[in-house]
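# Summary of the model geometry
Residue strings, one per chain:
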Amino acid sequence: MAERGQLPAPAKRLCCRPGYGSGCRPGQRAGGAGVGGGALCAGPSSAAAAVALGLLPLGKTQSPESLLDIAARKVAEKWPFQRVEERFERIPEPVQRRIVYWSFPRSEREICMYSSFNTGAEDPAAAPGGAATAPGGAADAAADENRLPFRRGIALLDGGCVDNVLQVGFHLSGTVTEPAMQSEPETVCNVAISFDRCKITSVTCSCGNKDIFYCAHVVALSLYRIRKPDQVKLHLPISETLFQMNRDQLQKFVQYLITVHHTEVLPTAQKLADEILSQNSEINQVHGAPDPTAGASIDDENCWHLDEEQVQEQVKLFLSQGGYHGSGKQLNLLFAKVREMLKMRDSNGARMLTLITEQFMADPRLSLWRQQGTAMTDKYRQLWDELGALWMCIVLNPHCKLEQKASWLKQLKKWNSVDVCPWEDGNHGNELPNLTNALPQELLHRGVTSITNLEGWVGHPLDPIGTLFSSLMEACRVDDENFPLTENMGHYKSLEYQHLPAHKFLEEGESYLTLAVEVALIGLGQQRIMPDGLYAQEKVCRNEEQLISKLQEIELDDTLVKIFRKQAVFLLEAGPYSGLGEVTHRESVPMHTFAKYLFTSLLPHDAELAYKTALRAMRLLVLESTAPSGDVSRPHHIASVVPNRYPRWFTLSHIESQQCELASTMLTAAKGDVRRLETVLESIQKNIHSSSHIFKLAQDAFKIATLMDSLPDITLLKVSLELGLQVMRMTLSTLNWRRREMVRWLVTCATEVGVYALDSIMQNWFTLFTPTEATSIVATTVMSNSTIVRLHLDCHQQEKLAGSARTLALQCAMKDPQNCALSALTLCEKDHIAFETAYQIVLDAATTGMSYSQLFTIARYMEHRGYPMRAYKLATLAMTHLNLSYNQDTHPAINDVLWACALSHSLGKNELAAIIPLVVKSVKCATVLSDILRRCTLTTPGMVGLHGRRNSGKLMSLDKAPLRQLLDATIGAYINTTHSRLTHISPRHYSEFIEFLSKARETFLMAHDGHIQFTQFIDNLKQIYKGKKKLMMLVRERFG
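Residues numbered from 1 in each chain as written. Predicted model: local features only at pLDDT ≥ 70, side-chain atom pairs only at ≥ 80, totals over all residues. Heavy atoms only, no water.

## Notes on the overall build of the protein
For the protein, the helix and strand inventory stands at 46 helices and eight strands. Scored against the burial criterion, the 1040 residues of the protein give a buried share of 46%. A separation threshold of at least 6 residues defines the contact pool for the protein, and within that pool the share at least 24 residues apart is 71%. Of the roughly 52900 Å² of accessible surface on the protein, a fraction of 54% belongs to carbon and sulfur atoms. (Helix = DSSP H or I, 4+ residues; strand = E, 2+ residues; numbered from the N terminus. Buried < 20%, exposed > 50% of the residue type's maximum accessible area, 1.4 Å probe, protein only. Contact = heavy atoms within 4.5 Å. Areas by Shrake-Rupley, 256 points an atom, 1.4 Å probe, with all protein chains shown as cover.)

## Re the pattern of salt bridges
Counted according to the given criterion, the structure contains 35 salt bridges. A salt bridge links glutamate 65 to arginine 73, with the shortest nitrogen-to-oxygen separation between them at 2.5 Å. Using a relative accessible area of 21% as the deciding quantity, one classes glutamate 65 as partly exposed. Residue glutamate 773 is joined to arginine 739 by a salt bridge in which the shortest nitrogen-to-oxygen separation is 2.8 Å. In this pair, glutamate 773 sits in helix α33 (residues 771-782) while arginine 739 sits in helix α31 (residues 739-753), placing the two residues 34 residues apart along the sequence. The same class applies to glutamate 773 and to arginine 739, which are both buried. Here the salt bridges share partners, and the residues they tie into one network are Lys596, Glu661, Lys696 and Asp700. (Salt bridge = Lys/Arg side-chain N within 4 Å of Asp/Glu carboxyl O.)

## Looking at the pairing of strand β6 (residues 199-205)
With five of seven residues buried, β6 lies mostly within the body of the structure. In the sheet, strand β5 (residues 187-196) pairs with β6 via six bridges, with the strands oriented antiparallel. Pairing of valine 191 across the sheet is with cysteine 205, part of β6. As consecutive antiparallel partners, β5 and β6 are separated by two residues, and within that stretch arginine 197 has a phi angle of approximately 50°, a positive value. (Pairing = 2+ DSSP bridges.)

## Some points on the environment of tryptophan 745
Note on placement: tryptophan 745 falls in helix α31. Residue tryptophan 745 is classed as buried on the basis of its relative accessible area, which comes to 12%. Taking the C-alpha atoms as reference points, tryptophan 745 and glycine 724, separated by 21 residues in sequence, lie 8.3 Å from one another. Ignoring sequence-local partners within four residues, the contact set of tryptophan 745 consists of Phe695, Ala698, Gln699, Phe702, Ser720 and Gly724.

## Here we look at α31
The first and last C-alpha atoms of α31 sit 21 Å apart over 15 residues, in line with the 21 Å expected at 1.5 Å per residue. Listing the buried residues of α31 in full gives Arg739, Met742, Val743, Trp745, Leu746, Val747, Cys749, Ala750, Thr751 and Val753. Looking at the buried side of α31, the elements it contacts are α29 (691-705), α30 (714-731), α32 (755-763), α33 and α34 (785-791). Directly beyond the C-terminal end of α31, a positive phi value near 145° is found at glycine 754. (Expected span 1.5 Å × (residues − 1).)

## Side note on the nonpolar core
Ranked by internal contacts, the top residues of the largest apolar core, which has 175 residues, are Leu667 and Phe769. The greatest single-element share of this core, amounting to nine residues, is contributed by helix α21 (residues 512-525). Trp102, Val315, Ile356 and Leu383 belong to the second-largest nonpolar core, a separate cluster that totals 79 residues. (Core = buried A, V, L, I, M, F, W, Y, C linked by side-chain atoms within 4.5 Å.)

## Section: the packing of α31 against α32
In contact at an axis separation of 5 Å, α31 and α32 are set at 140° when each is read in the N-to-C sense. Relative to α32, the element α31 lies oblique. Of the residues in α32, those in contact with Val747, Ala750, Thr751 and Val753 of α31 are Tyr756, Ala757, Leu758 and Ile761. Looking at the contact of α31 with α32 residue by residue, the classes come out as seven nonpolar, one polar and no charged. (Axes fitted to C-alpha atoms, helices over the stretch in contact; angles between N-to-C directions. Parallel < 35°, antiparallel > 145°, perpendicular 65-115°, else oblique. Nonpolar A, V, L, I, M, F, W, Y, C, P; charged D, E, K, R; others polar.)

## Points about the packing of aromatic side chains
Enumeration according to the criterion identifies 25 aromatic pairs in this entry. For the ring pair tyrosine 380 and tryptophan 384, a centre distance of 6.5 Å and an interplane angle of 80° mean the geometry is edge-to-face. Of the two residues, tyrosine 380 and tryptophan 384 both sit in helix α16 (residues 378-395), four residues apart, roughly one turn of that helix. Each member of the pair, tyrosine 380 together with tryptophan 384, is buried. Look at phenylalanine 1014 and phenylalanine 1039: their rings are 5.5 Å apart centre to centre, the planes differ by 75°, and that puts the pair in the edge-to-face class. Of this pair, phenylalanine 1014 sits in helix α45 (residues 1010-1024) while phenylalanine 1039 sits in helix α46 (residues 1029-1039), placing them 25 residues apart in sequence. (Phe/Tyr/Trp six-rings, centres within 6.5 Å; stacked < 30°, edge-to-face > 60°.)

## Focus: a nonpolar patch on the surface
A cluster of nonpolar side chains, Ile238, Phe253, Val254 and Leu257, forms an exposed patch at the surface whose accessible area comes to about 290 Å². It is helix α10 (residues 247-260) that contributes the most residues to the nonpolar patch, three residues altogether. Mapped onto the fold, leucine 257 is located in helix α10. (Patch = residues over 30% accessible without salt bridge, like charges linked within 9 Å, V, L, I, M, F, W, Y side chains within 5 Å.)

## Here we look at the side chain of histidine 592
Along the chain, histidine 592 turns up in helix α24 (residues 592-602). Relative accessible area serves as the criterion here: at 2%, histidine 592 is assigned to the buried category. Setting aside its immediate chain neighbours within four residues, histidine 592 contacts Ala617, Met618, Arg619, Leu620, Ile655, Gln658, Gln659 and Leu662.

## Looking at the confidence of the model for the protein
Taken over all residues, the pLDDT of the protein has a mean of 81, while the share at 70 or more is 82%. Counting interchain partners and residues more than four positions distant, the pLDDT-below-50 stretch residues 626-646 has 26 contacts. For residues 944-952, every residue scores under 50 in pLDDT, and the model assigns this stretch 16 contacts once sequence neighbours within four places are set aside. (pLDDT = per-residue confidence, 0-100.)

## Brief notes about α21
Between its first and last C-alpha, α21 extends 20 Å over 14 residues, near the 20 Å set by a 1.5 Å rise per residue. The buried fraction of α21 amounts to 13 of the 14 residues, a majority that puts the element mostly inside the structure.

## A word on the environment of valine 418
As for its position among the elements, valine 418 is in the loop between α17 (402-416) and α18 (435-438). For valine 418, a relative accessible area of 36% gives the class partly exposed. Sequence-wise, valine 418 and methionine 361 are 57 residues apart; in three dimensions their C-alpha atoms are separated by 8.5 Å.

## Examining the environment of glutamine 763
For glutamine 763, the position within the fold is in helix α32. A distance of 2.6 Å separates a polar atom in the side chain of glutamine 763 from a polar atom in the side chain of aspartate 759. (Polar contact = N/O pair within 3.5 Å; in protein donor to acceptor, adjacent residues only side chain to side chain.)

## Quick word on unusual backbone geometry
For arginine 197, which is not glycine, the phi dihedral falls at a positive 50°. In this structure, arginine 197 sits in the loop between β5 and β6. In this structure arginine 197 comes out as buried when scored by relative accessible area, which is 10%. Its identity is not glycine, yet histidine 792 carries a phi of approximately 55°, on the positive side. Structurally, histidine 792 can be placed in the loop between α34 and α35 (795-815). The class for histidine 792 is exposed, based on a relative accessible area of 67%.

## What about the side chain of glutamine 167?
Relative to the elements of secondary structure, glutamine 167 occurs in strand β3 (residues 162-168). Of note is the side chain of glutamine 167, whose polar atom sits 3.3 Å from the backbone oxygen of valine 100. A distance of 2.8 Å separates the side chain of glutamine 167 from the side chain of arginine 225, its partner in a polar contact. Contact partners of glutamine 167, with chain neighbours within four places excluded, come to Val100, Leu172, Phe195, Arg225, Val232, Lys233, Leu234 and His235.

This is the structure:
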């Protein structure tokens, strides 16, 4: 923060030296010795003064601090210098000097606060040389931090760039040399600082930098004065020096001053001379003259210099960027700066927040959103939430005066009356009535609960619980400077918060730490209604998790454990107030996240209470299909109180995952405890409604039960299996992309439990699996060699499982023959009766319920297993379902048709004769028919039987049945396909068509009169399609 070419504002108070008597000669102060305008170094001359400055640690002093320094330091902190002058008629000059000396700020914390954003370092002077270390040690973070004015100021100071430092009264000046850079020459900046009561009240620097914070040059000069006070020349206020001069000296002083700076001050000097010589001028009506070095007047507000204009401009700029270019981050840094000021009880915290709020209220987007009826963005709403939370911190500050609170209340009401002032998000207005007042009291007595306060404390835009918790925790934080450094720094975190004694109005044994924990537990356990809107609901979750995260930083001792027990019992028995009460409202915010923290905290100390709390919190009433028993009699009361409040829980997925995490935590803790596991299992089955989360719990339980370093926990395995069975039942009739994974996992889990579990799931398959899953996954896996080896099954056990698997297979084949017949046949191979039964099921379903592809697949299986006649039977049944048109020459069923014909041909003439009519009826594709025809003419039917028999018969004649029928059908198919192609043929397909006719001629020529038939066919084409001249010319060239 600096202003080019400006000087500090003129002093408000007028110095007329009333403490000088008429008997005092010029140059001598009453009660003091004349010094003739000489200078005295400001540095302390004793180790005691060094201790006061923080330059030497306590206990290292060689002599006590002088009474003069003690008194002067206290006066310099609390009294404006004018009050000192008015209070005492005569002030010895050594006393004046010590007051002036001690009036400059002594701590670098404030200098850091006003020259940089908070980088996370608690103490800016903690590191060697006064520099705080970069947070996290990240290179980029360190680089950003080094660019901060405070860091740059330290670098300038350490580099010896500060010179000509002079303190005249309450005014410090000096020059700071900015070293030359690659693109910029060396520059010398003139810096001037005014101070009062250990606070810098104004700064100027010729660098011209415009920013909220002090520039690096102001920092360098300030730190020079703090770190090297003995090297600063200290003079009394300039009015004191002038008083010591006689008339000749004063005239010489003025003339020399004008001569040295005649171009700058001559016009002003002449103007002042004219006014002084005029008897009626305003300047002659005032007693005394201003002195910018004489310190503050009684009426001056004692606060650190804050450039209000720059604060307003920066906030306005950030808001205008609409959240882009990191503006949201910059605004949050400003909010953090306000919090930092409030933490240090700096009055500029409220002042800066007022400036920020004014710019927020002036944001033109508020009017635009109001006109358009649209909501503000989530990022912007978060900024408003932080704004409100900071104002709450200010108005609740116990150290502020009543008149300050009244002033702030007036200002807040003024802002609130503006139309564009946004409302708090969620149910934080008066649009919903209080349910307690609206519901009949008899419902409350009968166990129907309500929300006593719709404004939940956790998730509220003003975050009252978080603010109160942070305030109490801040009060019990161990100060870094006073914290004893131990050899084992690993214990530092656990000792960071201590039970510091609280005020006497608290009960015995209470401390700020116990109060902070209790406040957090009360707020987290409050029953509150889920607010409307995505943002508000996410804020509820976010604030809850943030508060729990802070609680987890505290190491629980016996005192805090008592607090946890007390609050847990209270929440379980508190009734409608508590979110853990016996009965809660259907739309109250669930307690899963909070209960998980309570459970883990209480478990080592009171397991019974821990489980009772967690089990109570497992419910998720918003997903319950039926209302609680108490609601049934008069449900219209709820509806009339809260109209159109069908729950729209945008965070339901997150809430369910937290419910799952709570259940998983209990399962893990209950390992080895049969009673606990049964109770937790019952709660999961009752309260969790998501199959995916139950499946996750089943998997978690399985992993915990089968850890490699211990024997399997059979009880936990059974819990895992029960959860898996519930998942199977829940997803049996619904679509779930993980269903196949779930089925495979269940079989694995049942295998770990034992053979009886496998037998059970097969016997009850119809309640758990689809027929396809039961045969292709369950039964197949159970019957695999790996399962037998894994369970070390004997012959009796193997046969029992096999019997269950065959029964399952036949039942599934009956229910879904299309998808289960093949698996059933495979599973029943080793049992003749079961296999014949499965085969009959296939035959019964073949005519109506099965497709040609399924039948062909089973037929191939039969041939592979050595049942060629059964394969042939199924192939003929498959052919009746097939229909290949003329242009389907790449149909996937072609291979099956060729295989079926080859099978029939191998069985004999009768089988071939029986299947050809089916082929002719089902296949209209000429190329397929011609392929079949050629294959049938190459060998004698039955020549190579499947059983090695040989047939000495001759090749079948094309002039007799059944090949004659196939030949005629093939020729007819070529003729029909030709006409079909010519209907929509294009020139680019002419050559392909000619090749097709060539293949057709080969088939025509297989008949005894085939040459004549083909010639007639070509002639007909030339006559019918004579309009296609180019094509017909190609036909003549090839076929005549």
